[in-house]
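Letter by letter, the chains look like this.
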Amino acid sequence: MRSSFPLFPDSASTHAGTVDAIFIIWSLVSIFFTALIAGLIVYFMARYRRRHSEEVGANEEVSVWLEIAWSVIPLAICLAMFVWGTRSFFDLYRPPADAVEYTAIGRQWMWKIQHPEGQREIDTLHVPVGQSIKMKLASEDVIHSFYIPAFRIKQDAVPGRYTSIWFRASKPGVYHLFCAEYCGAEHSRMIGSVIVMEPRDYQNWLAGGSAGKSMVASGGDLFQSLACVTCHRAGATGRLARGPALEGVFGSPVKLVDGRTVIADDNYVRESILNPTAKVVAGWDPVMPTFQGQVTEEQLSQLIAYVRSLGPIGSAPAGGTGGTPAGTTTADSPSAATTPQTAGPGAPQ
Ligand code: CUA
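Described in the following lines is the structure provided in the data block. (Residues numbered from 1 in each chain as written. Predicted model: local features only at pLDDT ≥ 70, side-chain atom pairs only at ≥ 80, totals over all residues.)

A separate point is the nonpolar core. Core analysis: the largest hydrophobic core is formed by 29 residues, its most contacted members being Ala12, Ala104, Ile133, Met135, Leu137, Phe151 and Val194. Within the residue set of this core, elements represented by two or more residues are strand S1 (100–107), strand S2 (110–114), strand S4 (124–128), strand S5 (132–139), strand S6 (144–148), strand S8 (163–168), strand S9 (173–179) and strand S10 (191–197). With residues up to four places along the chain from it excluded, the contact list for isoleucine 133 reads Ala99, Val100, Tyr102, Val127, Trp166 and Phe167. Core analysis: the next-biggest nonpolar cluster, separate from the first, contains 16 residues, Met215, Phe250, Ile273 and Ala305 among them. (Core = buried A, V, L, I, M, F, W, Y, C linked by C-beta atoms within 7 Å. Buried ≥ 20, exposed ≤ 12 C-beta atoms within 10 Å, placed from the backbone. Helix = DSSP H or I, 4+ residues; strand = E, 2+ residues; numbered from the N terminus. Contact = placed C-beta atoms within 7 Å.)

A cis amide bond links glutamine 108 with the next residue in sequence, tryptophan 109, at an omega value of 0°. Note that tryptophan 109 resides in the loop between S1 and S2. Even without a glycine there, the phi angle at aspartate 123 is positive, about 60°. A tally of 16 C-beta atoms within 10 Å means that aspartate 123 is categorised as partly exposed. One non-glycine residue with positive phi stands out, namely arginine 152, at about 60°.

Helix H6 (residues 297–309) packs onto helix H5 (residues 266–274) with a crossing angle of 115° between their chain directions and a minimal axis gap of 10 Å. Judged by the twist between their axes, the crossing of H5 over H6 is right-handed. From H5, Asp266, Val269, Arg270 and Ile273 reach across to H6, where they touch Leu300, Leu303, Ile304 and Val307. (Axes fitted to C-alpha atoms, helices over the stretch in contact; angles between N-to-C directions. Left-handed = near helix turned anticlockwise from the far one by under 90°.)

This part takes up the pairing of S6. Counting buried positions over the five residues of S6 gives four, a clear majority of the element. In terms of strand pairing, S6 meets strand S7 (residues 153–157) through five bridges, oriented antiparallel. When the bridges of S7 are listed, isoleucine 148 appears paired with isoleucine 153. In terms of strand pairing, S6 meets S9 through two bridges, oriented antiparallel. Opposite phenylalanine 146, over in S9, you have cysteine 179 as the bridge partner. (Pairing = 2+ DSSP bridges.)

Quick look at H5 now. Turning to H5, its buried residues are Asp266, Val269, Arg270, Ser272 and Ile273. Each buried residue of H5 sits inside an arc of 165° when the element is viewed along its axis, so together they form one side. Packed against the buried residues of H5 are S5 and H6. (Arc of directions from axis to C-beta.)

Have a look at this one:
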């Protein structure tokens, strides 16, 4: 399928049907009205042409109902398409609760992929069929665009912030992965493959890879080695408490010194690491140093994965400091919705 040049890309995700239906129906509606209007123009030109040189045009009596009809019917069609398209758009950008998060970092000129289990790939993305997968996107240099035509998804990767999109692959196979934003001389070579596998094959592939640490475990190591833990210590009091404990913070509202309240999502935690004084938590002094330049994009993702895995104080320990976290494996593990590996409750993208 990759060697040929098909008119239409494969349909290999649960988004594909809706996106194609919207595209095809909008095309048919447009063709119908273009043909109707062009045909009427030609017909009226012939029918109402001036026959004698002294003939003067007269006002035609036009039915009010005709005027109402040709205003209301197109309006209704446009509104219906708008509602349908908007619903589909929101669906594309709101991952379901059981989505597993993968990270893709764009740089000139490659895609660096990190699996939640710790596997890394370049320009190749292995995923199990039937599993909802949220792609968290970042960029190390310029704007790239993560584009999988067979899944009908495309989302910019923007330097300095996170964006995301999600998909659920519906058909095993090998599909194109493109960068769809001009990003420099070798933009056209920033291409790769998405390999959709049966869950069992995917597990075998994971097991055959190098035994890296999971995202959460790597983030936990960084939390120690960067000495985050000396200030963000659960249960510290008095002079030992120099920063807020991070347990249970992710996905929750945070009150700031300036009175605002923000949700602690990916972009908030990212900003707090790189630019700690931008949003200082109420009740704390702005004493945290910046970690700009000390952590890579990949390490930032790992730190955030670790912070997200920290449940409320006193809850069961986060399942991340070693081994494969539960719920990140097969499509038929409903427990995925409850593990800290998944997207936080209602966390905006
Ligand atoms: Cu990256 Cu084009």
